[in-house]
Amino acid sequence: MFVLWAMLAVYAAGRVLQQYPDRIPLLWIVALQVVPPGLFALIHGSMRYGVRGMAVFTGCCLGVGAISESLSLRTGFPFGHYFFTGVMGPKVMQLPLLLVLAYLGIGYCSWVLAALILGYRDIRIDRRGVIVLPLLAGVIMVAWDASMEAIWSTLDRAWIWRDGGSWFGVPLSNFFGWYLTAYLFYLAFAWYLGKNATSSLRLPASYFRAAIVCYGICGFGNLLIYRHGLFPVSAMDATGRIWMTRDILVASTLVSVFGMGSLAVLAWMRCRAGVAQG
């Protein structure tokens with residue numbers, strides 16, 4: 001557990017350091033926001049599902065994610081038309097390497113939150129779980145994307161939406177694409193567990209809370225971007241439309257607090273309820 005909490009401490013530090021792009025190389029800031037959650041997911045998931053099970057989750061998550069991103073970069077489906085700039089570092093076939101860790105870290109935590117909310121603390125899931133777990137986990141992951149998408153694209157310009165969009169320069173197709181992508185890799189993993197998870201595994205509440213905290217750090221980190229002078233007063237998307245930075249940050253705060261925050265609190269309460277019943 002010490003290693004898990006150490007990863008969370010590094011992640012939290014990375015969210016604080018995002019306020020100082022004038023002092024810290026931007027690539028380091030990006031890496032600190034995606035590498036610790038990715039490592040956390042690998043360790044946390046291996047403790048619960050075993051190395052093989054977590055390897056399956058990683059393969060489903062990164063495989064489906066990479067296919068969706070690559071397909072959209074070339075065709076516009078399922079997210080929309082966009083391209084990555086150099087902000088996120090080295091790329092392979094137009095796809096930044098650091099992006100895959102972003103999928104893995106928050107993708108895994110979203111799965112854990114969904115399992116807690118629906119009462120699946122055991123690694124075994126029934127037929128109902130195979131259906132409902134992916135549906136809810138996809139919603140939790142889209143909440144994360146909605147909280148930061150306009151910041152990373154319209155303000156940070158880590159990627160550019162060629163045709164702009166109604167969500168502060170982001171097309172609504174992006175969120176439908178995110179949900180579809182997340183649902184597919186969650187469904188694949190849920191199907192695997194339904195077929196292969198046969199033993200019960202009891203883990204302490206602190207273990208599950210660590211994943212909730214990881215998700216919560218991400219949401220809380222969005223609130224720290226209000227540092228004065230961090231962004232210009234306004235930003236222009238690829239179509240020339242002007243968006244007020246304050247409006248983007250307010251929307252991010254609302255989604256972070258009432259979307260991500262509410263889901264994290266609900267998972268925390270369900271975790272406590274599970275302990276009481278146990």
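In this convention, every chain numbers its residues from 1, walking through the sequence in written order. Given that the model is predicted, a residue must reach a pLDDT of at least 70 before its local features are reported, and side-chain atom pairs must reach 80 or more before they are shown or counted; all residues, however, enter totals for whole chains, interfaces and linings. Heavy atoms throughout the structure, all of them, feed into the side-chain values; hydrogens and water do not.

Asks: Could you give an account of the overall build of the chain, with specific residues and numbers?
Replies: Put simply, DSSP H or I for four residues or longer makes a helix, DSSP E for two residues or longer makes a strand, and each gets a number counted from the N terminus. Helix and strand counts for the chain stand at seven helices and six strands. Start at the N end of the chain and walk to the C end: the helices and strands fall as α-α-β-β-β-α-α-β-α-α-β-β-α. This radius of gyration counts C-alpha atoms alone. The globule rule is 2.2 Å times how many residues there are, raised to the power 0.38. What you see for the chain is a C-alpha radius of gyration of 18 Å, in line with the 19 Å of a compact globule of 278 residues. Within the chain, the fraction of its 278 residues that count as buried is 53%. Two residues qualify as a contact provided that any one of their heavy atoms is within 4.5 Å of a heavy atom in the partner residue. Here the contacts in the chain between residues at least 6 apart in sequence split such that 75% fall between residues at least 24 apart. In these tables, accessible area is a Shrake-Rupley quantity obtained with a 1.4 Å probe, and a residue counts as shielded only by the protein chains included in the view. Working note: accessible area of the chain is about 12300 Å², and carbon and sulfur atoms make up 68% of it. Between buried and exposed lies partly exposed: a residue is buried under 20% and exposed over 50% of the maximum accessible area for its type, with that area taken using a 1.4 Å probe on protein chains only.

Asks: For helix α2 (residues 26-75), give the residues involved together with the corresponding values.
Replies: An expected span of 1.5 Å times one less than the residue number is assigned to each helix. With 50 residues, α2 extends only 29 Å from end C-alpha to end C-alpha; this falls clearly short of the ideal 74 Å at 1.5 Å per step. Along α2, the largest kink reaches about 120 degrees and is centred on Y49. Two residues or fewer after α2 comes G76, characterised by a positive phi angle close to 90 degrees. Two axes define the bend at a residue: one fitted to the seven residues ending there, one fitted to the seven starting there, and the bend is the angle between them.

Asks: If you had to explain the packing of helix α3 (residues 97-117) against helix α6 (residues 205-221) to someone new, which residues and values would you point to?
Replies: Two quantities define a packed helix pair, namely the angle between the axes and the distance from one axis to the other. Angular values range over 0 to 180 degrees, each being the angle between N-to-C directions of two axes fitted as lines to C-alpha atoms, with helices fitted over their stretch in contact. Here α3 crosses α6 at 125 degrees, and the two axes come no closer than 9 Å. Taken together, α3 and α6 sit at an angle that is classed as oblique. Once α3 is placed against α6, the crossing between them reads as left-handed. Touching I106, Y108, C109, S110, V112, L113 and L116 of α3 are Y207, F208, A211, I212, C214, Y215 and C218, all from α6. In the scheme used here, Gly and all other residues not listed as nonpolar or charged are polar, with Ala, Val, Leu, Ile, Met, Phe, Trp, Tyr, Cys and Pro taken as nonpolar and Asp, Glu, Lys and Arg as charged. In terms of residue class, the contact of α3 with α6 is built from 13 nonpolar, one polar and no charged. For this classification, under 35 degrees means roughly parallel, over 145 means roughly antiparallel, 65 to 115 means roughly perpendicular, and everything else is oblique. Left-handed describes a crossing in which the near helix is turned anticlockwise from the far one by less than a right angle; the clockwise case is right-handed.

Asks: Before we move on, can you summarise the environment of D145 with the specific residues and values?
Replies: Structurally, the position occupied by D145 is in helix α4 (residues 127-155). Looking at D145, the relative accessible area reads 1%, which means it is buried. The residues touching D145, leaving out its near neighbours within four places in the chain, are N174, F175 and W178.

Asks: With reference to specific residues and values, describe the packing of α2 against helix α5 (residues 173-196).
Replies: The geometry of α2 relative to α5 is characterised by a closest axis approach of 9 Å and an angle of 155 degrees between their N-to-C directions. By the criterion of interaxial angle, the relationship of α2 to α5 is roughly antiparallel. Crossing hand, α2 versus α5: right-handed. Contact with α2, carried on its side by Y49, R52, G53, V56, F57, C60, C61, V64, G65 and S68, involves T181, L184, F185, Y186, A188, F189, Y192 and L193 of α5 and no other residues of that element. Its residues placed into classes, the contact of α2 with α5 shows 13 nonpolar, four polar and one charged.

Asks: Quick rundown of α6? Include the residues and the values.
Replies: Here α6 contains 17 residues, and its C-alpha end-to-end distance of 24 Å stays within 8% of the 24 Å for a straight helix at 1.5 Å per residue. Among the 17 residues of α6, twelve are classified as buried, and the element is accordingly described as predominantly covered. Taken as a whole, α6 has its buried residues at A205, Y207, F208, A210, A211, I212, C214, Y215, I217, C218, G219 and G221.

Asks: Could you give me a rundown of the nonpolar core, with the residues and numbers involved?
Replies: With 92 residues, the main nonpolar core has F40, F57, W111, W144 and Y215 as its most contacted residues. With residues up to four places along the chain from it excluded, the contact list for F40 reads L4, M7, L8, G45, C109, A210, A211 and C214. Definition of nonpolar core: a set of buried residues of the types Ala, Val, Leu, Ile, Met, Phe, Trp, Tyr and Cys, connected through side-chain atoms within 4.5 Å.

Interpretation note: all reported values are geometric properties and have no functional meaning in isolation.
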